[in-house]
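Each chain, letter by letter, is given below.
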Amino acid sequence: MTMAATEQDRTNRIPLMILAWAWVTLPFLYGVFELIRKVAQLFNG
Amino acid sequence: MSTREGFFDRSRTVAPPSWSRWLIPPAALSIHLSIGQAYAWSVFKPPLESSMNLSGKGSALPFQLAIVMLGLSAAFGGTLVERKGPRWAMFVSMACFSSGFLISALGMALSQYWLVVFGYGFVGGIGLGIGYISPVSTLVKWFPDRPGMATGIAIMGFGGGALIASPWSTQMLSSFGTDKGGIAETFLVHGIVYAVFMSFGALLVRVPAPDWLPAGWDPRQVAEKPLVTNANVSARNALRTPQFWCLWVVLCLNVTAGIGILEKAAPMITDFFAHTSAPVSASAAAGFVALLSLSNMLGRLGWSAFSDVIGRKNIYRFYLGAGALIYLIIALTQNAGKPVFIICAVVILSFYGAGFSTIPAYLKDLFGSYQVGAIHGRLLTAWSVAGVAGPLIIDGIADAQKNAGKTGPALYTESIYIMIGLLVIGFIANELVRPVHTKHHETPMEAPEQAPASAGKGE
């Protein structure tokens, strides 16, 4: 495989990279958001 | 070889030169964020108890069996995971974990609780163990320059899994209902969703080519660091080294010290400040538990990544030495107020989480990356022991002190001094860690994936 083809492949994988990180980050952020809501009770309760 | 075997075979997962190593952490996270659900099992306990007429112990049975199976499958399945590769392991983990939920759904629909215990506990537990170790070896091979950060990301996911599952399962139970049918539907949806979520990781994961190295990284620089080797030790030989057992003691005692606080967090903060002018309410105690979960999770990534800078032995000196001192502060300043207590507990829990996530990198430093996943699996038996010992110490002593008429912080003083003693022993065990003797090293023929390396195109 030539260097140019490798670079092209790498560029083609940017959407996969975005999808892969969104796949795990979005549920994780939901969990963190719910957790922070509970942590707030420590200071309000 | 059949087509099916080929798809899951290690050789089919070798990454092309253009593959980015930053696609591997999401693959690992898709597994760990799923299996981390295990720590949210308590959400199902009250509805199970009311709908199936179970005791507290009865409703805890699926979780307890799952944790036992986690330890056993990680310990005994590690070598197979190394041989078959990460895609196979992640697929097996997905199949077992999801099937566990589906069998449990059937059990609830048929009012057969033993099917829930067998499904979630036995079958699902195998998925936990295989899934926990499945990405470790692959991550340290992709990130030989930053193994602490890489395993920290994955193992942080195990902590994060409960954060997602706890509110998600609660919402689902309130939608479907908490009777048998509602719980069955909830289990069914869990099984399907986790199957899809984990499959993405199994499809995404790749192993690096044998001659791949991160761009601009020279393994000789790493080998110059104390305790870091480029040689490889098999899982079987690792068990014969004192280093393995020193790390077993380190992990066991670090986990014991943390789990003691984690398991009793809510009653502990309530008891500590019960006789003060500002007692802690039930909702504030729940917030304290959540804060500890956050600290546990962030410690897994932060401290483990920091270990890449200061070295594994030094970071464990810090976890164990500073942990003992912080416990001493709690013991000596019982009337110092909530901020001191909360800060101390938060730091201890960050060390607890970090102890889990840094250990694979420590193993890689000492034994190489050849069978690090299998070695890690065997080391996790320390977790099983600590999981029993920590709560036993804290609960046993607190109950005894209560029976003796004591109240408030006095319920925990003795336990805290025991934890300090355990951390000091762990500190000494860490000090005894030396480089592994060359007689345990594999020859290059025995460790084929460690062929002479040429510089690759890393990121």
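Chain A goes by Oxalate:formate antiporter in an unreviewed UniProt entry, where it is assigned to Actinoallomurus oryzae.

1. Some details on the overall build of chain B
If you tally the helices and strands in chain B, you get 19 helices and zero strands. Taken against the 2.2 N^0.38 rule, which gives 23 Å for 459 residues, the C-alpha radius of gyration of chain B at 22 Å falls within 12% of a compact globule. Projected onto its principal axes, the C-alpha coordinates of chain B cover approximately 65 × 55 × 35 Å. When each of the 459 residues of chain B is scored for burial, the buried share is 53%.

2. A word on the overall build of chain A
If you tally the helices and strands in chain A, you get two helices and zero strands. A burial count over chain A gives 16% of its 45 residues as buried.

3. Details of the packing of helix H2 (residues 24–35) of chain B against helix H5 (residues 86–109) of chain B
Residue and element names in this part refer to chain B. Contact geometry for H2 and H5: axes closest at 11 Å, N-to-C directions at 25°. Classed by the angle they form, the pair H2 and H5 counts as roughly parallel. With respect to the hand of their crossing, H2 and H5 are arranged in left-handed fashion. Between H2 and H5, the contacting residues are Ile-31, Ser-34 and Ile-35 on the first element and Met-90, Ser-93 and Phe-97 on the second. For the contact of H2 with H5, the per-class residue count stands at four nonpolar, two polar and no charged.

4. Things to note about the environment of B:Phe427
Residues and elements named next belong to chain B. Of note, Phe-427 is situated in helix H19 (residues 410–431). For Phe-427, a count of 21 C-beta atoms within 10 Å translates into the label buried. Along the backbone, Phe-427 and Gly-323 are 104 residues apart, and their C-alpha atoms lie at a distance of 10.0 Å. With near-sequence residues (within four places) excluded, Phe-427 lies in contact with Arg-317, Leu-320, Gly-321 and Ala-324.

5. Thoughts on helix H9 (residues 180–204) of chain B
Helix length check: H9(B), at 25 residues, gives a terminal C-alpha distance of 37 Å against a target of 36 Å (1.5 Å per residue), a fit within 8%. Those residues of H9(B) that sit buried are B:Ile183, B:Ala184, B:Thr186, B:Phe187, B:His190, B:Gly191, B:Tyr194, B:Met198, B:Gly201, B:Ala202 and B:Leu204.

6. Regarding the packing of helix H4 (residues 56–84) of chain B against helix H6 (residues 113–133) of chain B
Residues and elements named next belong to chain B. Where H4 meets H6, the axes come as close as 6 Å, and the angle between the chain directions of the two elements is 40°. By the angle between their axes, H4 is oblique relative to H6. In this structure, H4 crosses over H6, and the sense of that crossing is right-handed. Residues that form the contact of H4 with H6 fall into these classes: 19 nonpolar, eight polar and no charged.

7. Here we look at the nonpolar core
Within the largest apolar cluster, 147 residues are counted, with the highest numbers of intra-cluster contacts made by B:Leu139, B:Leu247, B:Leu251, B:Ile269, B:Ile348, B:Leu363 and B:Leu423. In contact with B:Leu423, not counting residues within four places along its chain, are B:Leu253, B:Ala257, B:Leu320, B:Gly323, B:Ala324 and B:Tyr327.

8. A few points about the interface of chain B and chain A
Taken together, the contact pairs 26 residues of chain B with 24 residues of chain A. Sorting the residues of the side of chain B that touches chain A by element identifies H2, helix H8 (147–176), H9 and helix H14 (282–310) of chain B as the ones contributing at least two each. Looking at the side of chain B that touches chain A element by element, the count peaks at nine residues for H14(B). Residues that form the side of chain B that touches chain A fall into these classes: 18 nonpolar, eight polar and no charged.

9. Topic: the UniProt feature "transmembrane region" (unreviewed entry) in chain A
Mapped onto the present numbering, the UniProt feature "transmembrane region" (unreviewed entry) falls on residues 14–33 of chain A. Between the end C-alpha atoms of residues 14–33 of chain A the distance is 27 Å, and the span holds 100% helix and 0% strand.

10. Here's the deal with the environment of B:Leu332
Residues and elements named next belong to chain B. Residue position: Leu-332 is located in helix H15 (residues 312–332). Exposure remark for Leu-332: the 10 C-beta atoms within 10 Å place this residue in the exposed category. When the C-alpha atoms of Leu-332 and Ala-286 are compared, they prove to be 25 Å apart, with 46 residues separating the residues in sequence.

11. Here we look at the confidence of the model for chain B
All names here are of chain B. For chain B, per-residue confidence averages 88 on the pLDDT scale, and residues scoring 70 or more make up 94% of the total. Counting interchain partners and residues more than four positions distant, the pLDDT-below-50 stretch residues 449–459 has 27 contacts. Predicted complex metrics record ipTM = 0.88 and pTM = 0.85.

12. A look at the environment of B:Val189
All names here are of chain B. Summarising the element assignment, Val-189 is placed in helix H9. Given 17 C-beta atoms within 10 Å, Val-189 falls into the partly exposed group. Here the alpha-carbon distance between Val-189 and Ala-105, two residues 84 residues apart in the chain, equals 9.1 Å.

13. Topic: unusual backbone geometry
Generally, phi is negative for residues other than glycine and the peptide bonds are trans, each holding for most cases. All names here are of chain B. Positive phi is not limited to glycine here, since Asn-53 has a value of about 55°. Among the secondary structure elements, Asn-53 is positioned in the loop between helix H3 (45–52) and H4. Judged by local crowding, Asn-53 falls into the exposed class, with 9 C-beta atoms found within 10 Å. The backbone of Ser-111 shows a phi angle near 55°, a positive value even though the residue is not glycine. Relative to the assigned elements, Ser-111 resides in the loop between H5 and H6.

About the thresholds
Residues numbered from 1 in each chain as written. Chains lettered and ligands numbered in written order. Predicted model: local features only at pLDDT ≥ 70, side-chain atom pairs only at ≥ 80, totals over all residues. Helix = DSSP H or I, 4+ residues; strand = E, 2+ residues; numbered from the N terminus. Rg over C-alpha atoms; globule rule 2.2 N^0.38 Å. Buried ≥ 20, exposed ≤ 12 C-beta atoms within 10 Å, placed from the backbone. Axes fitted to C-alpha atoms, helices over the stretch in contact; angles between N-to-C directions. Parallel < 35°, antiparallel > 145°, perpendicular 65-115°, else oblique. Left-handed = near helix turned anticlockwise from the far one by under 90°. Contact = placed C-beta atoms within 7 Å. Nonpolar A, V, L, I, M, F, W, Y, C, P; charged D, E, K, R; others polar. Expected span 1.5 Å × (residues − 1). Core = buried A, V, L, I, M, F, W, Y, C linked by C-beta atoms within 7 Å. UniProt positions renumbered as here; feature names shortened; annotations may be inferred. pLDDT = per-residue confidence, 0-100.

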